[in-house]
Amino acid sequence: MRLRSRGPVPAAVTMAALAALLAGLPAAAWSPPQDETSAANGWPGGPEIAAAALRGGRYDEAEAAYRAALAKPGARRGLAETLRLTGRYREALDVLEGGAETVVSPEPVARAEIHLEIGEGEAAERLLRQHIERVGPASDGNSLEAEALLGLLELRRGDRQPGLARLDRVIDAYNTLPGAVFRARELAAVGRAAAALGFQSSGLFRDALRVFDEAAVLDPGDPAPRLLAAELLLDKFNTAEAAESITAVLRNNPRHPYGLFLAARLPDRPAAALTEGGEPIDALAQALAVNPHFPPARALEVQRLLEQDRREEADRRAATAVETLPDAPETLAALAAVRLLGGEDSELFELEARYLDDWAGDPLLDLTLASAAERRRWYREAAERSRAALRRSPESAAALRLLGLNLLRLGDVGEGRRVLEDAFQRDPFDALVKNTLDLLDELDGFVSISSPPFEFVLPAAEAEVLQPYVEALSREAVDSFRDRYRYEPAETLRIEIYDRSADFSVRTVGIPGIGAHGVCFGNVIALESPSAREVGTYHWASTLWHELAHAAAMSLTDNRVPRWFTEGLSLLEERWRFGDGASLPFYLALGDGRLLDIPHLDDGFVRPTWPGQVGVSYFHASLVLEHLEREYGFAVILEMLEGYRQGLDTPRVIEEILGITPEALDEAVDTLLEARFGATARGLRESGPEGQGMPAPPRPDPDRGVETLAARADAAPANFALQIRAGIALHENGRQAEAIERFERAAELAPEYGGPDGPYRYLSLLYADAGQPDLARLSLHDHLKRFPAAYDEWLRLAAIYSETGDPGEAGAALTSAIEAYPMLPEPHERLAEAAAAQGLAELEVRERRAVLASGTADRAGALYSLARAHFRAGNRDAARRRVLEALEIAPTFDPALRLLLDLRREG
Amino acid sequence: MRNRAPRRPGAVLLCALALGGVETEAMGGRRENVPALVIVAGVGGTPGHRERFSGWARDLCVAAVQTPVPGRVRVLLERLPEDGEPGDPCAPVARSTQEELAREIEAAAGAGALEGGLVLVLIGHGNAGRDPRFQLPGPDLSPERLGEMLNGFGSGPVTVAHLGSAAGAFVPALAGPGRVVLAATRANETNETRFPRHFVAALAGDDGDRNKDGRLSILEAFDFARRGVEREYEQEGLLRTEHALLDDNGDGVGSLEPEMAAGMDGVLAGRRTLLVRTAEAVADASADTPEIRRLVAERDALAARVDALREAREGMGEETYLAELETLLLQIAELAERIAALREKAP
């Protein structure tokens, strides 16, 4: 079934992607109809004043105006709407119940909507049925809105067939009755019916948006159609278009609680469009300030507190919300999520029973629980809850999506794909599902290599180069974690490597654009291939190590470790194995007092409030873990992991295991931070904002720039960033002695600075030019300890060791270069030569294979070298095969011909 | 001024006297047909580009004259340097105007270059659009005008390598029998090209000689540069804005991945030597004894059979193919061993 088109509609809301809308849209906002406001006379101040106040969000003013004219037509309805929007639901119902009802009075529908908003399904149902009986069925065009609401309600209450039939009748009525009979509110109701039936025919999603548009055109002052469209778009992850609709509403009424709630659901980038470049708004707080009881907003607040592992506060807020509005399904579901994450099974069971008593066909509870579990990385639980949601509502594409994605995270790619295909059939507009299926199609071109306990899934074109290094490093990491943490992988660890950042991003969050390089779902790890990033900017090996450390921490805690702890531990592990340094944003945040306290450290990862906060939080968390290990010994980290496994939250873990308060731990960490980084951070303030920011060479007037920078660096001798900038400028102008002086000062000021433009990098170049190879070598080591992704510097270090006749150190540096970027032939070639010189035949074979796989221009030469390495390692068959391949390209290649003869003669 | 040290001092003849002719006496006294090389650096537009273009022109020239069999090499630059090193074989002979270019092409044809042919390399900026041009000092060069200049060669071996932007626009007008036309970009790609750097590297280094026969073919140089560009864009995570083309079957439609297969672009370019890299490559049929010459001919015939076998691989079982390949290669190896032994004994 589809909705009949009634001709063109202005594209106030365009359509790109839409979703099933089966449950719980908040009541459509009421707005004073045009005819009522224009016809009425005798209001104090006039009806337009009240209507304008209501539509502009000046609720006190609207309330006063409506109360002053309560006997006038439309005033009672206006007052009730004002009271509903500000959360005074009982008062709103009282106002409507006190009004005289005529045969066609819309009041029962308005009352039903309020009952629905606060979860009183039975009362709503009674009113709607009475109204339909009184005015006639939808087919007569009299009760379209009531029929639509009742149909949606029936679906949620588990009366599936009657509900679907009723919604069908609503659409039939729209298709058969002349268009002129519909009012905006009725069109909005038709749109909701169409969206709810979208799983039957995806065209209905488009139709829903179309009639929302029609409704918006018919009554431009009514925010409901735009907000209903926005919610539909949001459910499909079409955030940009959703943001447009929300912006249009909030521009007229910046205090619309539903609009603000939807704005709070927007991700950062589209949310920024709301303020058109101004200061970001805390939309959720604003929504709750207008309507402190608005159930969806309260539920979102609880969800966010849970994301930040602030369980006690979440519990308090959810319990209060349920106490205030005991039947509201959103807050009941939110409280159930608190119980789920707290492991309070009997309370959870009780809440579920209570919920299902009223809403047997509504998947909202199970979807909320599945999402909460998913955010906590309890993917198995999330999948189970998604299945439960499907039992309640078999048509729920959202439940299929959650199930499919979580099965993928559990490594069950076959079943996950099947479920997502099913989801796509029901809702082809869901961007997450579409992107993920596209990615799975691409995975067909990947190779899967099983090597217990690992399964490596690698791009076919890169597998030959990557596999040996990925496997060796994975084994080293797991061995190390086995020793330190007593970690043993219980299941196969699936490691997926993506050569396109967008694919990795889709695998991780379903949409392109994630900023991270790797992610761990427990037993499934996904990371970017080194080829996905520019050489020297991304260290794949430390990322893999980091993610494997997550796998250990998640396994040891049954996925209960909080984000800050596992990130801190993983980065600490990474720093010990590969090195790392403090970033400029970290120093700046420390200096500005922007580092979070430990119980709130998760906020820095989950809901950052300033650019760069996630990166700073990583480093901060690793310093906390470093402090714990140094102060209390490594065993305490194991104990804390066990505490998390038992379900304790961070404050309790600190109190019970460390025996101190979280505040005391904060204080101790602050002392450490001050001692190690405090003076450096304060030094950055010396020259004000201009002294901050990443070092950059002066442009476009180098001479004047260098003098200015040198003078500023002299005037701010404690500002290391300025010393580096001046050093770079002096270096580029050939004033090497002065440059050395600045870089040495910077290194002294910020010995732990780890940026790509760290002072040691320049010092190594300058010392080398100055004929001080030992200092150059030491500086390179210092730089690489702080910035191990510096591929070119590893090669330089290897060259220095080769020149000084130290093949062992040269080999180590080349290995590190490969850990930074393995896709280029040069380090492999050099390592192969070093291995050959030392008689390390197996190593030489590995490296010669890598040279070949890395796409060397001289393929015949590379094949011959590999054949020779195989020959030396005693692999005669492999040597024969490779030399034949070399000669197939270059049949007169003399050295290869000689090797072929040698093979025959010795064979 | 950039200098490049000879890679194989023992195998290089850096003799300006050989540059005037097309047939050049190689090591061992054999006459080798090598193409005349005309290198044109067009208008730079900025000092940086001017320096880069003239630098590439010089590097190309140095690579060409440092081979065991250098041909006639002429360099034309946007501006002539005020002082040059006397006797420098890579000193520019003229400014890169249309008139000078026409003169050089005519001289190459007239100097008896028909047998060795001509390789014309254009380095610089090209214009796209309805009226494509290669930017020269004075009037820019159109594909049609260049085609007229090359008419003197008829269907003789001519190779044009346009290494600048929008180079693909020259392919249809220059394509024809005996012609290899190489373009760094498609006709509509107007960004500055990276291709020339890799093309120069193919001539200057050993890695471009894919089949290790000591000769760098046009196809090998093209492939080396094309892959280098691809790799570079990939490593930097950038969308590629240049796609090199090669046409040598005369249809005027360049191929992105030419190869030495019947009917494809690449056959002529694969057979045509751009420069000889090793003395051994030209020594084969030079001062050798009749016995050695017979063995070399036998070896080359076997190498041709390897090529044929490779072409026929698709219809063969893997093991059969490898067995036949090994049989042929062992015969070649034995011949190579005998050739080497006889040469060692030779006076």
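Right above here is the structure, for reference.
Okay, so let's go over this structure. (Residues numbered from 1 in each chain as written. Chains lettered and ligands numbered in written order. Predicted model: local features only at pLDDT ≥ 70, side-chain atom pairs only at ≥ 80, totals over all residues. Heavy atoms only, no water.)

## A few points about the overall build of chain A
In step 1: Each helix and strand counted, chain A has 47 helices and five strands in total.
In step 2: A total of 907 residues make up chain A; the buried ones form 59% of that total.
In step 3: In chain A, 64% of the contacts between residues at least 6 apart in sequence involve partners at least 24 apart.
In step 4: Carbon and sulfur atoms make up 50% of the accessible area of chain A, which amounts to about 34,200 Å² in all. (Helix = DSSP H or I, 4+ residues; strand = E, 2+ residues; numbered from the N terminus. Buried < 20%, exposed > 50% of the residue type's maximum accessible area, 1.4 Å probe, protein only. Contact = heavy atoms within 4.5 Å. Areas by Shrake-Rupley, 256 points an atom, 1.4 Å probe, with all protein chains shown as cover.)

## Comments concerning the pairing of strand β5 (residues 524-528) of chain A
Residue and element names in this part refer to chain A.
In step 1: The buried fraction of β5 amounts to five of the five residues, a majority that puts the element mostly inside the structure.
In step 2: Across the two faces of β5 the burial is the same, with V524, A526 and E528 and I525 and L527 all buried.
In step 3: Here strand β3 (residues 493-498) pairs with β5 via five bridges, running parallel. Each residue of the ladder has a partner; that of I495, found in β5, is I525.
In step 4: In the sheet, strand β4 (residues 518-520) pairs with β5 via three bridges, with the strands oriented antiparallel. Across the sheet, residue G518 finds its bridge partner in β5, namely L527.
In step 5: In this antiparallel pair of consecutive strands, β4 and β5, the connection spans three residues, and G522 shows a positive phi of 115 degrees. (Pairing = 2+ DSSP bridges.)

## With respect to the packing of helix α5 (residues 89-97) of chain A against helix α6 (residues 107-117) of chain A
Residue and element names in this part refer to chain A.
In step 1: Contact geometry of α5 with α6 gives a least axis separation of 10 Å together with a crossing angle of 165 degrees. Relative to α6, the element α5 lies roughly antiparallel. Of the two elements, α5 crosses α6, and the hand of that crossing is left-handed. For the pair formed by α5 and α6, the contact residues are Y89, R90, A92, L93, L96 and E97 on the first element and E107, A110, R111, I114, H115 and E117 on the second. (Axes fitted to C-alpha atoms, helices over the stretch in contact; angles between N-to-C directions. Parallel < 35°, antiparallel > 145°, perpendicular 65-115°, else oblique. Left-handed = near helix turned anticlockwise from the far one by under 90°.)

## As for the sheet that holds strand β6 (residues 118-123) of chain B
Strand pairing in a sheet is mediated by backbone hydrogen bonds. Such pairs are either parallel or antiparallel.
Residue and element names in this part refer to chain B.
In step 1: A sheet is described by the order of its strands in space; here seven strands give the open sequence β5-β4-β3-β6-β9-β10-β12, paired in mixed fashion. Every interior strand has two partners, whereas the edge strands, β5 (94-95) and β12 (245-247), have only one.
In step 2: With respect to the sheet, helix α6 (residues 218-236) is in contact with β6, β9 (158-162), β10 (179-183) and β12, its orientation differing from that of β10 by roughly 10 degrees.

That is the geometry; function is a separate question.
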